[in-house]
Amino acid sequence: MVLNYIWIAFFLIAFVIALVRLIFLGDTEVFPAMMDSTFSSSKTAFEISLGLTGVLSLWLGIMKIGEKGGVVNLFARILSPVFTKLFPDIPKGHPVTGSIFMNIAANMLGLDNAATPLGLKAMEQLQELNPKKDTASNPMIMFLVLNTSGLTLIPISIMVYRAQMGAAQPTDIFIPILLATFFSTLAGIIVTSLYQRINLLNRTMLITLLGVSLAVAGIIWGFSQMDKERMNVMSTSIANILLMTIIVGFILAGMRKKVNVYDAFIEGAKDGFSTAVRIIPYLVAILVGIGVFRASGAMDMLIDGISWTVSACGGNTDFVGALPTALMKPLSGSGARGMMVDAMTTYGADSFIGRLSCIFQGSTDTTFYILAVYFGSVSIRYTRHAVACGLLADLAGVIAAIAIGYFFFG
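What counts, and where the lines are drawn
Residues numbered from 1 in each chain as written. Predicted model: local features only at pLDDT ≥ 70, side-chain atom pairs only at ≥ 80, totals over all residues. Heavy atoms only, no water. Helix = DSSP H or I, 4+ residues; strand = E, 2+ residues; numbered from the N terminus. Rg over C-alpha atoms; globule rule 2.2 N^0.38 Å. Buried < 20%, exposed > 50% of the residue type's maximum accessible area, 1.4 Å probe, protein only. Contact = heavy atoms within 4.5 Å. Axes fitted to C-alpha atoms, helices over the stretch in contact; angles between N-to-C directions. Left-handed = near helix turned anticlockwise from the far one by under 90°. Nonpolar A, V, L, I, M, F, W, Y, C, P; charged D, E, K, R; others polar. Phe/Tyr/Trp six-rings, centres within 6.5 Å; stacked < 30°, edge-to-face > 60°. Parallel < 35°, antiparallel > 145°, perpendicular 65-115°, else oblique. Patch = residues over 30% accessible without salt bridge, like charges linked within 9 Å, V, L, I, M, F, W, Y side chains within 5 Å. Areas by Shrake-Rupley, 256 points an atom, 1.4 Å probe, with all protein chains shown as cover. Salt bridge = Lys/Arg side-chain N within 4 Å of Asp/Glu carboxyl O. Expected span 1.5 Å × (residues − 1). Arc of directions from axis to C-beta.

A.B. asks: Looking at this structure, I do not really get the overall build of the chain. What am I missing?
C.D. replies: Within the chain one finds 18 helices and zero strands. By the compact-globule yardstick of 22 Å for 410 residues, the chain fits well, its C-alpha radius of gyration being 21 Å. Taking the principal axes of its C-alpha atoms as reference, the chain extends roughly 70 × 50 × 40 Å. In the chain, which comprises 410 residues, the proportion classed as buried is 52%. Relative to all contacts within the chain whose residues are 6 or more apart in sequence, the contacts with residues 24 or more apart total 79%.

A.B. asks: Would you explain the packing of helix H17 (residues 367-377) against helix H18 (residues 386-409) in this entry?
C.D. replies: Working note: a packed helix pair is described by the angle between its axes plus the distance between those axes. One way to put it is that H17 packs onto H18 with a least axis distance of 10 Å and a crossing angle of 145 degrees. Here the hand of the crossing between H17 and H18 comes out right-handed. Across from Thr367, Phe368, Leu371 and Phe375 in H17, the residues of H18 making contact are Ala386, Val387, Gly390, Leu391 and Asp394. Residue classes in the contact of H17 with H18 are distributed as six nonpolar, two polar and one charged.

A.B. asks: It is not clear to me how the environment of Leu50 should be interpreted in this structure. Could you clarify?
C.D. replies: Mapped onto the elements, Leu50 comes out in helix H2 (residues 30-69). According to the relative accessible area criterion, Leu50 is exposed, its value standing at 53%. Taking C-alpha positions, Leu50 is 8.1 Å from Val277, a pair spaced 227 residues apart along the chain.

A.B. asks: Looking at this model, I keep getting lost on the packing of aromatic side chains. Mind explaining?
C.D. replies: Here a ring pair, both rings aromatic, is described through the centre-centre distance and the interplanar angle of the planes. All chains considered together, the criterion is met by nine aromatic pairs. Ring plane angle 55 degrees and centroid distance 5.4 Å describe the contact between Phe10 and Phe293, whose orientation is recorded as tilted. On the criterion of sequence distance, the pair formed by Phe10 in helix H1 (residues 2-25) and Phe293 in helix H12 (residues 280-295) is long-range, its members being 283 residues apart. For Phe10, a relative accessible area of 7% translates into the label buried. Here Phe15 and Phe31 contribute two aromatic rings whose centre-to-centre distance is 5.8 Å and whose plane-to-plane angle is 70 degrees, an arrangement assigned as edge-to-face.

A.B. asks: Looking at this structure, how should I read the packing of helix H4 (residues 96-108) against helix H6 (residues 138-148)?
C.D. replies: Relative to each other, H4 and H6 sit at 15 degrees, their axes nearing to 10 Å. Judged by the angle between their axes, H4 and H6 are roughly parallel. Considering how the two elements wind past one another, H4 and H6 form a crossing that is left-handed. Here Ile100, Asn103, Ile104 and Asn107 of H4 lie close against H6, whose contacting residues are Phe143, Leu146 and Asn147. Among the residues forming the contact of H4 with H6, the class breakdown is four nonpolar, three polar and no charged.

A.B. asks: Explanation requested: a nonpolar patch on the surface in the structure shown.
C.D. replies: Taken together, the side chains of Phe15, Val16, Leu19, Val20, Leu22, Ile23, Phe24 and Leu25 present a nonpolar region at the surface, about 800 Å² in accessible area. Among the secondary structure elements, Leu19 is positioned in helix H1.

A.B. asks: Could you clarify how one ought to interpret the environment of Ile141 in this entry?
C.D. replies: For Ile141, the location among the structural elements is in helix H6. Sequence spacing of Ile141 and Gln196 is 55 residues, and the spatial spacing of their C-alpha atoms is 9.5 Å. Residues contacting Ile141, with those up to four places away along its chain left out, are Ala136, Thr192, Gln196, Thr383, Arg384, His385 and Ala386.

A.B. asks: Teacher, can you tell me more about helix H11 (residues 261-278) here?
C.D. replies: Count 3.6 residues to each turn of an α-helix, and residues three or four apart come out pointing the same way. Over its 18 residues, H11 runs 26 Å from end to end, which matches the ideal 26 Å to within 8%, given 1.5 Å per residue. Of all the residues in H11, the buried ones are Ala264, Gly268, Ala269, Gly272, Thr275 and Ala276. Looking straight down H11, one finds that the buried residues subtend no more than 130 degrees of arc, so they occupy a single side. Among the exposed residues of H11, those pointing more than 90 degrees away from its buried face are Tyr262, Lys270 and Phe273.

A.B. asks: Can you walk me through the pattern of salt bridges in this structure?
C.D. replies: When the charged atoms of two side chains with opposite charge come close together, those side chains can pair. Summed over the entire model, instances satisfying the criterion amount to seven salt bridges. Note that Glu267 is salt-bridged to Lys68, the shortest N-O span being 2.8 Å. Here Lys68 lies in helix H2 and Glu267 lies in helix H11, a separation of 199 residues in the sequence. On the basis of relative accessible area, Glu267 is assigned to the partly exposed category, the value being 36%. Judged by its relative accessible area of 40%, Lys68 falls in the partly exposed class. The network of salt bridges with common partners includes Arg162, Asp172, Asp350 and Arg355.

A.B. asks: Would you explain unusual backbone geometry in this entry?
C.D. replies: Excluding glycine, residues mostly have negative phi values, and the peptide bonds linking residues are mostly trans. Non-glycine residue Arg197 carries a positive phi angle of around 55 degrees. When you line up the elements, Arg197 lands in the loop between helix H8 (174-196) and helix H9 (203-224). One non-glycine residue, Ser379, lies in positive phi territory at about 60 degrees. Within the secondary structure, Ser379 is located in the loop between H17 and H18. Classification of Ser379 as partly exposed rests on a relative accessible area of 39%.

This is the structure:
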């Protein structure tokens, strides 16, 4: 229901702004631009879905091997003490906990192509436990918030973009992104737990959060001891080695259980193809709404309004030039990526705005895209508090990114 109101708001706000620009400014290009955006966004949505077909088929095929080989159940048993606290409505030892872990691990390593199909698989399993098939359950919302908060340990793609844009040290945003995304994820967990009345003040969760914090600190320290070239090589190599280890490990586990791994892969791959087709309407809807909103000039007006407000309050407005990336990120990953590249092109890759835009890009994930794709894949209509929790996590990530950006580069 919330997505319904947001989608309507995109069109109504865009139409009113475009009408004002036409009548009072004589801007005759705004309505053609908006119509062009509807067609181009529809095409983009289909191309994204088409591009996901192969990746979904691959990873859901691999996941099916892992299920039949017992690997997913093994992860479920290992994670059961933590997940029973964070997802109290999921039965202890249920295979979905393994799928959730695989999705989160892929996100943390910056492996977007692997994370999406693994997330869709987890969502399908959560839907099997959902008593109201058209309404998001509490575990679904917690899982979505963990995704939208965008916890990333190795922001490979952002470092590659910085290198291409001529940054003197492409990896200098590594630690700031790690810190910002950690705070956004922590905020997402806390906010969602408050909504769902989940008690985080227990021994298991406190030990887990402390352990994760220490692990993050250790990773920060380890990478801080490397030069930029070695850091790039290590981060890329670790991610790819782990990814291939998962694939080979699942196959070996299937062989050990005497599973016909080829047939299991084909079975899972068929699910991947049908899932890719099923999400097309949801992608078209959300991307067209976002495209019209941008083309009307509403995004530019929002940025200008924030700049004026901060300036009127006597605040430092240096960060405002990077805000388009932060505001676009919940709406569109590719749009935010374009904003990030534009900021580095306009102000310089090593400028404060250029670096801050990269921190924004890495601190959160595409909230509305994830909601549309994940909920759309299982035909969820009523999202309850998912949007509110996701956006609050995004807000925490943005605030943390600004503070960390000033601390490191201001």
